[in-house]
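Reading the structure
Okay, here's what each chain looks like letter by letter:
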Amino acid sequence: MLLSDKVIVVTGGNSGIGAAICKAAAAEGAKVVIDYVAHEDATEQLVNEIKGAGGEATGVEADISKPDDLHRMMQTAVDTYGRLDVLVNNAGIETRQSLLDSTEDDYDKVMAVNMKSAFFASQAAAKQFIAQRTPGLILNISSVHEDWPMPGNIAYCVSKGGMRMLARTAGVELGPHGIRMVNIAPGAVDTPINASTTSNTELLGKLTDAIPLHRVAEPSDIADVVVFLASGKASYMTSTTVVVDGGIMQGSVGL
Ligand code: BGC
(Lines give C-alpha, C1' and ligand atoms only; values in the text may rest on other atoms or scores of the structure.)
Protein backbone atom coordinates (compact mmCIF):
# COMPACT_ATOMS: atom_id res chain seq x y z
CA MET A 1 0.00 0.00 0.00
CA LEU A 2 1.25 3.46 -0.88
CA LEU A 3 0.31 5.29 2.35
CA SER A 4 0.63 2.60 5.02
CA ASP A 5 0.03 4.06 8.50
CA LYS A 6 0.40 7.69 7.38
CA VAL A 7 -1.85 10.02 9.36
CA ILE A 8 -3.65 12.43 7.07
CA VAL A 9 -5.98 15.31 7.92
CA VAL A 10 -8.38 16.48 5.21
CA THR A 11 -10.25 19.77 5.68
CA GLY A 12 -13.77 19.79 4.27
CA GLY A 13 -13.37 16.03 4.10
CA ASN A 14 -16.99 14.92 4.13
CA SER A 15 -18.02 15.85 0.59
CA GLY A 16 -16.80 16.33 -2.97
CA ILE A 17 -13.05 16.13 -3.60
CA GLY A 18 -12.39 15.90 0.15
CA ALA A 19 -14.47 12.74 0.58
CA ALA A 20 -12.77 11.14 -2.43
CA ILE A 21 -9.36 11.95 -0.92
CA CYS A 22 -10.38 10.39 2.42
CA LYS A 23 -11.52 7.18 0.70
CA ALA A 24 -8.51 6.91 -1.58
CA ALA A 25 -6.03 7.58 1.24
CA ALA A 26 -7.70 5.06 3.54
CA ALA A 27 -7.71 2.45 0.76
CA GLU A 28 -3.92 2.92 0.57
CA GLY A 29 -3.51 2.32 4.31
CA ALA A 30 -3.63 5.88 5.69
CA LYS A 31 -5.36 6.79 8.95
CA VAL A 32 -7.72 9.60 8.03
CA VAL A 33 -8.99 12.53 10.07
CA ILE A 34 -12.04 13.98 8.36
CA ASP A 35 -12.67 17.65 9.20
CA TYR A 36 -16.20 18.96 8.67
CA VAL A 37 -18.21 22.02 9.63
CA ALA A 38 -21.68 20.76 8.67
CA HIS A 39 -23.44 17.48 7.85
CA GLU A 40 -22.27 15.30 10.73
CA ASP A 41 -24.41 12.50 9.26
CA ALA A 42 -22.40 12.54 6.00
CA THR A 43 -19.19 12.38 8.02
CA GLU A 44 -20.43 9.41 10.06
CA GLN A 45 -21.48 7.66 6.87
CA LEU A 46 -18.02 8.22 5.36
CA VAL A 47 -16.25 7.01 8.52
CA ASN A 48 -18.41 3.88 8.48
CA GLU A 49 -17.78 3.31 4.78
CA ILE A 50 -14.02 3.56 5.29
CA LYS A 51 -14.10 1.30 8.36
CA GLY A 52 -16.35 -1.15 6.54
CA ALA A 53 -13.69 -1.42 3.84
CA GLY A 54 -11.08 -2.22 6.51
CA GLY A 55 -9.64 1.31 6.82
CA GLU A 56 -9.24 3.73 9.70
CA ALA A 57 -10.96 7.12 9.96
CA THR A 58 -12.35 9.55 12.48
CA GLY A 59 -14.40 12.74 12.09
CA VAL A 60 -13.67 16.08 13.77
CA GLU A 61 -16.01 19.05 13.72
CA ALA A 62 -13.91 22.20 13.27
CA ASP A 63 -14.44 25.60 11.68
CA ILE A 64 -11.18 25.85 9.80
CA SER A 65 -11.44 29.61 9.43
CA LYS A 66 -10.68 29.78 13.20
CA PRO A 67 -7.07 29.08 14.25
CA ASP A 68 -8.22 27.65 17.63
CA ASP A 69 -10.38 25.09 15.84
CA LEU A 70 -7.44 24.26 13.56
CA HIS A 71 -5.24 23.46 16.55
CA ARG A 72 -7.96 21.25 18.02
CA MET A 73 -8.23 19.47 14.66
CA MET A 74 -4.47 18.74 14.55
CA GLN A 75 -4.53 17.67 18.20
CA THR A 76 -7.32 15.21 17.42
CA ALA A 77 -5.06 13.61 14.81
CA VAL A 78 -2.17 13.37 17.26
CA ASP A 79 -4.34 12.14 20.16
CA THR A 80 -6.12 9.57 18.01
CA TYR A 81 -3.32 8.25 15.84
CA GLY A 82 -0.15 9.43 17.59
CA ARG A 83 1.22 11.76 14.92
CA LEU A 84 0.54 13.81 11.78
CA ASP A 85 2.09 13.11 8.38
CA VAL A 86 -0.04 14.89 5.77
CA LEU A 87 -2.36 17.90 5.84
CA VAL A 88 -4.69 18.45 2.90
CA ASN A 89 -6.13 21.97 2.77
CA ASN A 90 -9.16 21.03 0.74
CA ALA A 91 -12.13 23.03 2.07
CA GLY A 92 -13.25 25.73 -0.33
CA ILE A 93 -16.18 27.90 -1.33
CA GLU A 94 -17.00 30.29 -4.14
CA THR A 95 -19.60 33.04 -4.49
CA ARG A 96 -19.47 33.74 -8.24
CA GLN A 97 -19.46 37.52 -8.06
CA SER A 98 -17.61 40.11 -10.07
CA LEU A 99 -15.51 42.87 -8.54
CA LEU A 100 -18.41 45.29 -8.93
CA ASP A 101 -20.91 42.92 -7.29
CA SER A 102 -18.80 41.68 -4.38
CA THR A 103 -19.77 42.60 -0.83
CA GLU A 104 -17.32 42.80 2.04
CA ASP A 105 -19.07 39.87 3.79
CA ASP A 106 -18.81 37.58 0.77
CA TYR A 107 -15.19 38.54 0.20
CA ASP A 108 -14.31 37.89 3.87
CA LYS A 109 -16.08 34.52 3.83
CA VAL A 110 -14.28 33.29 0.72
CA MET A 111 -10.91 34.47 1.98
CA ALA A 112 -11.47 32.96 5.44
CA VAL A 113 -12.47 29.50 4.18
CA ASN A 114 -10.11 29.22 1.21
CA MET A 115 -7.06 31.23 2.19
CA LYS A 116 -6.83 32.08 5.90
CA SER A 117 -7.65 28.47 6.82
CA ALA A 118 -4.93 27.09 4.54
CA PHE A 119 -2.43 29.60 5.93
CA PHE A 120 -3.01 28.83 9.60
CA ALA A 121 -3.63 25.09 9.14
CA SER A 122 -0.27 24.93 7.34
CA GLN A 123 1.35 26.81 10.20
CA ALA A 124 -0.14 24.42 12.78
CA ALA A 125 0.83 21.33 10.75
CA ALA A 126 4.38 22.60 10.17
CA LYS A 127 4.84 23.21 13.91
CA GLN A 128 3.63 19.66 14.59
CA PHE A 129 6.02 18.16 11.99
CA ILE A 130 8.92 20.11 13.50
CA ALA A 131 7.99 19.02 17.05
CA GLN A 132 7.79 15.39 15.87
CA ARG A 133 11.11 15.76 14.04
CA THR A 134 9.59 14.07 11.00
CA PRO A 135 9.27 15.17 7.40
CA GLY A 136 5.77 16.30 6.54
CA LEU A 137 3.62 17.17 3.57
CA ILE A 138 1.07 19.92 3.07
CA LEU A 139 -1.15 19.71 0.00
CA ASN A 140 -3.46 22.53 -1.04
CA ILE A 141 -6.42 21.76 -3.25
CA SER A 142 -6.18 24.98 -5.19
CA SER A 143 -7.69 25.49 -8.65
CA VAL A 144 -6.71 26.29 -12.20
CA HIS A 145 -7.93 29.70 -11.06
CA GLU A 146 -4.83 30.15 -8.91
CA ASP A 147 -3.37 31.28 -12.20
CA TRP A 148 -6.18 31.68 -14.70
CA PRO A 149 -8.75 34.49 -14.41
CA MET A 150 -12.40 33.49 -14.00
CA PRO A 151 -14.41 36.66 -14.61
CA GLY A 152 -17.45 36.73 -12.33
CA ASN A 153 -15.72 34.68 -9.60
CA ILE A 154 -13.07 37.15 -8.54
CA ALA A 155 -12.81 36.61 -4.77
CA TYR A 156 -12.35 32.89 -5.43
CA CYS A 157 -9.57 33.62 -7.94
CA VAL A 158 -7.88 36.00 -5.50
CA SER A 159 -8.03 33.35 -2.74
CA LYS A 160 -6.60 30.66 -5.00
CA GLY A 161 -3.89 33.04 -6.22
CA GLY A 162 -3.00 33.49 -2.55
CA MET A 163 -2.82 29.72 -2.16
CA ARG A 164 -0.43 29.59 -5.09
CA MET A 165 1.94 31.99 -3.35
CA LEU A 166 1.42 30.21 -0.02
CA ALA A 167 2.80 26.99 -1.51
CA ARG A 168 5.63 28.78 -3.29
CA THR A 169 6.79 30.74 -0.24
CA ALA A 170 6.06 28.30 2.60
CA GLY A 171 7.61 25.50 0.55
CA VAL A 172 10.86 27.48 0.47
CA GLU A 173 10.65 28.40 4.16
CA LEU A 174 9.87 24.84 5.27
CA GLY A 175 12.13 22.90 2.91
CA PRO A 176 15.07 22.93 5.35
CA HIS A 177 12.81 21.16 7.89
CA GLY A 178 12.07 18.42 5.37
CA ILE A 179 8.51 19.70 4.95
CA ARG A 180 7.07 19.86 1.45
CA MET A 181 4.15 21.93 0.20
CA VAL A 182 2.47 21.27 -3.15
CA ASN A 183 -0.70 22.64 -4.73
CA ILE A 184 -3.05 20.57 -6.82
CA ALA A 185 -4.98 22.69 -9.31
CA PRO A 186 -8.14 20.93 -10.48
CA GLY A 187 -10.19 22.21 -13.38
CA ALA A 188 -13.92 21.51 -13.40
CA VAL A 189 -14.85 18.63 -11.09
CA ASP A 190 -18.24 17.03 -10.52
CA THR A 191 -18.75 18.26 -6.93
CA PRO A 192 -21.33 20.34 -5.04
CA ILE A 193 -19.34 23.56 -5.73
CA ASN A 194 -20.05 23.06 -9.45
CA ALA A 195 -23.65 21.86 -9.12
CA SER A 196 -25.14 24.99 -10.72
CA THR A 197 -23.19 24.19 -13.88
CA THR A 198 -23.28 20.38 -13.93
CA SER A 199 -27.05 20.25 -13.31
CA ASN A 200 -27.73 22.56 -16.27
CA THR A 201 -27.50 20.62 -19.54
CA GLU A 202 -26.67 23.66 -21.65
CA LEU A 203 -23.94 24.94 -19.31
CA LEU A 204 -22.53 21.44 -18.87
CA GLY A 205 -22.35 21.06 -22.66
CA LYS A 206 -20.46 24.34 -23.00
CA LEU A 207 -18.12 23.33 -20.21
CA THR A 208 -17.28 19.89 -21.61
CA ASP A 209 -16.76 21.47 -25.06
CA ALA A 210 -14.10 23.70 -23.46
CA ILE A 211 -12.26 20.71 -21.97
CA PRO A 212 -9.87 18.93 -24.36
CA LEU A 213 -10.55 15.57 -22.62
CA HIS A 214 -14.24 16.36 -23.07
CA ARG A 215 -15.41 15.43 -19.61
CA VAL A 216 -15.67 17.03 -16.19
CA ALA A 217 -13.31 15.37 -13.69
CA GLU A 218 -14.54 12.88 -11.12
CA PRO A 219 -13.41 13.66 -7.55
CA SER A 220 -11.38 10.43 -7.69
CA ASP A 221 -9.27 11.91 -10.53
CA ILE A 222 -8.00 14.47 -8.03
CA ALA A 223 -7.76 12.00 -5.11
CA ASP A 224 -5.48 9.73 -7.18
CA VAL A 225 -3.01 12.62 -7.55
CA VAL A 226 -3.15 13.27 -3.79
CA VAL A 227 -2.22 9.63 -3.18
CA PHE A 228 0.71 9.91 -5.59
CA LEU A 229 1.98 13.14 -3.99
CA ALA A 230 1.64 11.70 -0.47
CA SER A 231 3.41 8.48 -1.41
CA GLY A 232 7.14 8.00 -1.44
CA LYS A 233 7.01 8.42 -5.22
CA ALA A 234 6.93 12.24 -5.11
CA SER A 235 9.50 13.05 -2.46
CA TYR A 236 11.38 15.61 -4.58
CA MET A 237 8.32 17.76 -5.31
CA THR A 238 7.74 20.97 -3.39
CA SER A 239 6.86 24.66 -3.83
CA THR A 240 4.97 24.01 -7.00
CA THR A 241 1.56 23.22 -8.50
CA VAL A 242 0.35 20.08 -10.23
CA VAL A 243 -2.43 20.94 -12.68
CA VAL A 244 -5.16 18.28 -13.07
CA ASP A 245 -7.59 19.92 -15.48
CA GLY A 246 -8.17 17.77 -18.55
CA GLY A 247 -6.46 20.57 -20.49
CA ILE A 248 -9.12 23.23 -19.77
CA MET A 249 -6.58 25.92 -18.96
CA GLN A 250 -5.23 25.79 -22.50
CA GLY A 251 -8.73 26.60 -23.81
CA SER A 252 -10.25 30.04 -24.02
CA VAL A 253 -12.77 30.71 -21.22
CA GLY A 254 -13.43 29.71 -17.62
CA LEU A 255 -16.98 28.42 -17.15
C1 BGC B 1 -14.26 26.35 -9.98
C2 BGC B 1 -15.39 26.06 -10.92
C3 BGC B 1 -14.95 26.15 -12.38
C4 BGC B 1 -13.69 25.34 -12.60
C5 BGC B 1 -13.14 25.44 -14.05
C6 BGC B 1 -13.07 25.51 -10.37
O7 BGC B 1 -12.00 25.85 -9.51
O8 BGC B 1 -14.65 26.03 -8.67
O9 BGC B 1 -16.44 26.95 -10.66
O10 BGC B 1 -15.95 25.66 -13.23
O11 BGC B 1 -12.70 25.75 -11.70
O12 BGC B 1 -13.12 26.75 -14.55
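Above: the structure in question.
Residues numbered from 1 in each chain as written. Predicted model: local features only at pLDDT ≥ 70, side-chain atom pairs only at ≥ 80, totals over all residues. Heavy atoms only, no water.

1. Thoughts on the environment of H71
Cut-off, in case you're wondering: By definition, any uninterrupted DSSP run of H or I lasting at least four residues is a helix, any uninterrupted run of E lasting at least two residues is a strand, and each is numbered from the N terminus. Working definition: with a 1.4 Å probe on protein chains only, accessible area under 20% of the residue-type maximum means buried, over 50% means exposed, and in between means partly exposed.
Locating H71 in the fold gives a position in helix 3 (residues 67-81). A relative accessible area of 43% places H71 in the partly exposed class. On a C-alpha basis, the gap between H71 and I34 in space is 14 Å, while along the polypeptide they are 37 residues apart.

2. Some details on the nonpolar core
Cut-off, in case you're wondering: The nonpolar core is taken to be a set of buried Ala, Val, Leu, Ile, Met, Phe, Trp, Tyr and Cys residues, with the residues joined through side-chain atoms within 4.5 Å. Whether two residues are in contact is decided by their heavy atoms: any pair within 4.5 Å suffices.
One finds V32 and V88 to be the most contacted residues of the largest nonpolar core, which totals 37 residues. The element best represented in this core is helix 1 (residues 16-27), accounting for eight residues. Those residues in contact with V32 that sit more than four places away from it in its chain are I8, V10, C22, A25, A26, E56, A57, T58 and Y81. Counting 30 residues, the second-largest nonpolar core is a separate cluster that includes A124, I138, A170 and I179.

3. Points about the sheet that holds strand 1 (residues 7-10)
Selection criterion: Two strands form a pair only when DSSP identifies at least two bridges running between them. The axes used here are C-alpha line fits, helices contributing only the stretch in contact, and every angle between their N-to-C directions lies in the interval 0 to 180 degrees.
Strand order in this open sheet of seven strands is 3-2-1-4-5-6-7, and the pairing throughout is parallel. Of all the strands in the sheet, the pair left with one neighbour each is strand 3 (56-61) and strand 7 (240-244). Sheet twist, expressed as the mean angle between neighbouring strand axes with direction ignored, is 20°. Running over the sheet, helix 8 (residues 219-230) touches strand 4 (86-89), strand 5 (136-141), strand 6 (179-186) and strand 7 and is turned about 165° from strand 6.

4. A look at the environment of A91
On the secondary structure map, A91 appears in the loop between strand 4 and helix 4 (104-132). In this structure, A91 is in contact with T11, G12, I64, V113 and N114, ignoring residues within four places of it in sequence.

5. Points about unusual backbone geometry
A negative phi angle characterises most non-glycine residues, just as the trans form characterises most peptide bonds. At R96, a residue that is not glycine, the phi angle is positive and equals roughly 50°. Relative to the helices and strands, R96 resides in the loop between strand 4 and helix 4.

6. Quick look at a negative patch on the surface
Keep this limit in mind: Residues form patches when they are more than 30% accessible in relative terms and have no salt bridge. Like charges link within 9 Å. Nonpolar side chains (Val, Leu, Ile, Met, Phe, Trp, Tyr) link within 5 Å. Per-residue and other accessible areas follow the Shrake-Rupley method at a 1.4 Å probe size, with only the shown protein chains counted as cover for residues. Counted as salt bridges are all cases of a side-chain nitrogen of Lys or Arg within 4 Å of a carboxyl oxygen of Asp or Glu. Asp and Glu are treated as the negative residues and Lys and Arg as the positive ones, with His and the ends of the chain left uncounted. By convention, the charge on Lys lies at NZ, on Arg at CZ, on Asp at CG and on Glu at CD.
On the surface, a cluster of negative charge is made up of E40, D41, E44 and E61. Counting residues per element, the negative patch draws most heavily on helix 2 (residues 40-52), which supplies three residues. Tracing the backbone through its elements, the reader meets D41 in helix 2. For D41, a relative accessible area of 53% puts it in the exposed group.

7. Some words on the pattern of salt bridges
Close approach of charged atoms allows side chains of opposite charge to pair. One pass over the structure, following the stated rule, counts nine salt bridges. For K31, the salt bridge identified is with D5, shortest N-O distance 3.8 Å. Within this pair, whereas K31 is found in strand 2 (residues 31-36), its partner D5 is found in the segment before strand 1, the two being separated by 26 residues in sequence. Looking at K31, the relative accessible area reads 17%, which means it is buried. For R215, the salt bridge goes to D221, with nearest N and O atoms at 2.9 Å.

8. Side note on the pairing of strand 6
Within a regular strand, side chains alternate between the sheet's two faces. Most of strand 6 sits out of view: eight of its eight residues are buried. Of the two faces of strand 6, the one carrying I179, M181, N183 and A185 and the one carrying R180, V182, I184 and P186 are both buried. Direction of pairing for strand 5 relative to strand 6: parallel, over a ladder of six bridges. When the sheet's bridge partners are listed, L139 is paired in strand 6 with V182.

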